Amino acid sequence: MAITSRAISWCLCCELLLAISAAPARELELFQSSQATPTGEYTFGIEGPAVDRDGNLFVVNIGKPGTIGKFAPGATRSEKFIDLPEGSVGNAIRFDREGTMFVADYKRHNIFALGKDSRQPQVWFHSDQMSQPNDITVSSHGTIYASDPNWKGRSGRIWRVAQAADGTVQGEVMAAPRAMGTTNGIDLSPDGKRLYVSESNSGQIWSYAVGVGELTDAKLVRTFEPDTVDGLRTDVAGRIYVARILRGVIAIMQPSGAVEREVTLSGKEPTNLAFGGSDGKTVFVTQRQGGFVETFRTDREGREHCLQGSRC
């Protein structure tokens, strides 16, 4: 059948209208959070989300303290991945570029390491001088930085843990230019030159220049209400995603401290977050209220996801 010019014009108009109507819908898919795992799968201590290079999400304390759960791509519920050694309770999980899983054990003052495809945690670092550790982050060179809050003393420190040339793992408290509050969430800038740390008691986010064994050039990024900041992560654009516990939002802000947007969550007590999905733009949020994970899409890849892909 022949197509007239009127028919062609009508089709083009239809296509244009469809494109216009579809554009807002695609935008609405970004930063719209929804529940991903069933309520009650995890304990009140749900924390430490991290995604491996295969897209599996790992979260501490599934069913009971001292466990790690696994939420596979396409799954509708989590399954238990491992039990940690007796008496150990995880609070944070991170992956390095080789796929090694590191787990912060705040009860026994350990950092465990599990090689890719391993289910046997090995003590990577231990120190009785640690109060916890609470949260950890891994640099592109494999150096671990750990927040170490003293909740009763309302103070905190940052540890640097790295493997020496002889293969031994050594840790030290990093010298800092100021007395820290209860150090909690922690992550690096994409270039690895600055370390971001949240302090729960003051509600402040601080930035430091990273040196060998010391932190310098302390800068106050932003002050929120006391006791309303928990975990944080960075994306490849350098933005900082902060879990606003008791506020029910993820604040996305520039390194300057300017809040770009807030993502409203289903639950009111987000403890931490991680980037995953095939493109690193899916954010998983652990919710203490209800013991579940929720998720939303963002517009930039997470730093740790990029690191695992050996692109950062």
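What you see is a predicted model; the values in this text were computed from it and never measured. (Residues numbered from 1 in each chain as written. Predicted model: local features only at pLDDT ≥ 70, side-chain atom pairs only at ≥ 80, totals over all residues. Heavy atoms only, no water.)

S.K.: Explain the environment of Glu 225 to me, please; I cannot follow it from the model alone.
M.R.: Here Glu 225 lies in the loop between strand 17 (215–223) and strand 18 (232–234). The class of Glu 225 is partly exposed, set by a relative accessible area of 38%. Taking C-alpha positions, Glu 225 is 26 Å from Ile 93, a pair spaced 132 residues apart along the chain. When residues no more than four places from it in sequence are discounted, the contact partners of Glu 225 are Ser 202, Gly 203, Arg 244 and Arg 247. Of the polar contacts made by the side chain of Glu 225, one reaches the side chain of Arg 244; its length is 2.7 Å. (Helix = DSSP H or I, 4+ residues; strand = E, 2+ residues; numbered from the N terminus. Buried < 20%, exposed > 50% of the residue type's maximum accessible area, 1.4 Å probe, protein only. Contact = heavy atoms within 4.5 Å. Polar contact = N/O pair within 3.5 Å; in protein donor to acceptor, adjacent residues only side chain to side chain.)

S.K.: Mind showing me how you'd approach the layout of surface pockets here?
M.R.: Summary: where empty space remains is shown by rolling a probe the size of a single water molecule over the atoms. Put simply, the largest pocket is a space of about 440 Å³. Around the largest pocket, the lining comprises 22 residues; the ones closest to its centre are Glu 47, Asn 91, Trp 151, Asp 230 and Arg 288. Sorting the residues of the lining of the largest pocket by element identifies strand 2 (42–51) and strand 6 (90–95) as the ones contributing at least two each. Ranked by residues supplied to the lining of the largest pocket, first place goes to strand 2 with five residues. Looking at the lining of the largest pocket residue by residue, the classes come out as eight nonpolar, 10 polar and four charged. (1 Å grid on protein atoms, 1.4 Å probe; cavity = no way out; pocket = protein on both sides within 12 Å on 5 of 7 lines; lining within 4 Å. Points joined across faces, edges and corners; volume = space filled by probe spheres on them. Nonpolar A, V, L, I, M, F, W, Y, C, P; charged D, E, K, R; others polar.)

S.K.: I'm lost on the sheet that holds strand 17 in this one. Help?
M.R.: Pairing between the strands of a sheet comes from backbone hydrogen bonds, and it takes one of two forms, parallel or antiparallel. One open sheet accounts for four strands, arranged 14-15-16-17; its pairing is antiparallel. Every interior strand has two partners, whereas the edge strands, strand 14 (183–188) and strand 17, have only one. Each neighbouring strand pair of the sheet contributes to a mean axis angle of 25 degrees, computed without reference to strand direction. Pairing analysis gives six bridges linking strand 15 (residues 194–199) to strand 16 (residues 204–210), with the strands arranged antiparallel. Its bridge partner lying in strand 16, Val 197 is registered against Trp 206. (Pairing = 2+ DSSP bridges. Axes fitted to C-alpha atoms, helices over the stretch in contact; angles between N-to-C directions.)

S.K.: What should I look at first to understand the side chain of Thr 43 in this one?
M.R.: One can find Thr 43 in strand 2. A distance of 3.0 Å separates a polar side-chain atom of Thr 43 from the backbone nitrogen of Gly 45. If near-sequence neighbours (up to four positions away) are discounted, Thr 43 is found in contact with Asn 61, Gly 63, Lys 64, Pro 65 and Gly 291.

S.K.: Please explain the state of the cysteines as it appears in this structure.
M.R.: Such a bond, covalent and formed between the sulfur atoms of two cysteines, is termed a disulfide. Evaluated as defined, the whole model comprises one disulfide. The disulfide partner of Cys 306 is Cys 312, and the S-S distance across this bridge is 1.7 Å. Looking along the S-S bond of the Cys 306-Cys 312 disulfide, the torsion reads about 85 degrees, which is the right-handed sense. On the basis of relative accessible area, Cys 306 is assigned to the buried category, the value being 5%. Residue classification places Cys 312 among the partly exposed positions, given a relative accessible area of 34%. (Disulfide = S-S within 2.5 Å.)

S.K.: Would you take a moment to explain the packing of aromatic side chains for this structure?
M.R.: What describes a pair of aromatic rings is the distance from one ring centre to the other and the angle between the planes of the rings. Throughout the structure, instances matching the rule amount to six aromatic pairs. When the centroid spacing of 4.9 Å and the interplanar angle of 65 degrees are considered together, the rings of Phe 58 and Phe 81 count as edge-to-face. Of this pair, Phe 58 sits in strand 3 (residues 57–62) while Phe 81 sits in strand 5 (residues 79–83), and the two are 23 residues apart along the sequence. Across the pair, exposure class does not vary: Phe 58 and Phe 81 are buried alike. Consider the rings of Phe 58 and Phe 95, whose centres lie 5.8 Å apart with planes at 55 degrees: the pair is tilted. Note that Phe 58 is positioned in strand 3 and Phe 95 in strand 6, a separation of 37 residues in sequence. This pair shows no difference in class: Phe 58 is buried, exactly as Phe 95 is. Grouping aromatic residues by their ring pairs yields a cluster made of Phe 58, Phe 81 and Phe 95. Taking the ring centre of Trp 206 as reference, the NZ or CZ of Arg 178 above it sits at 3.7 Å. The ring of Phe 31 has Arg 261 lying over it, and the distance from NZ or CZ to the ring centre is 3.8 Å. (Phe/Tyr/Trp six-rings, centres within 6.5 Å; stacked < 30°, edge-to-face > 60°. Lys NZ or Arg CZ within 6 Å of the ring centre and 35° of its normal.)

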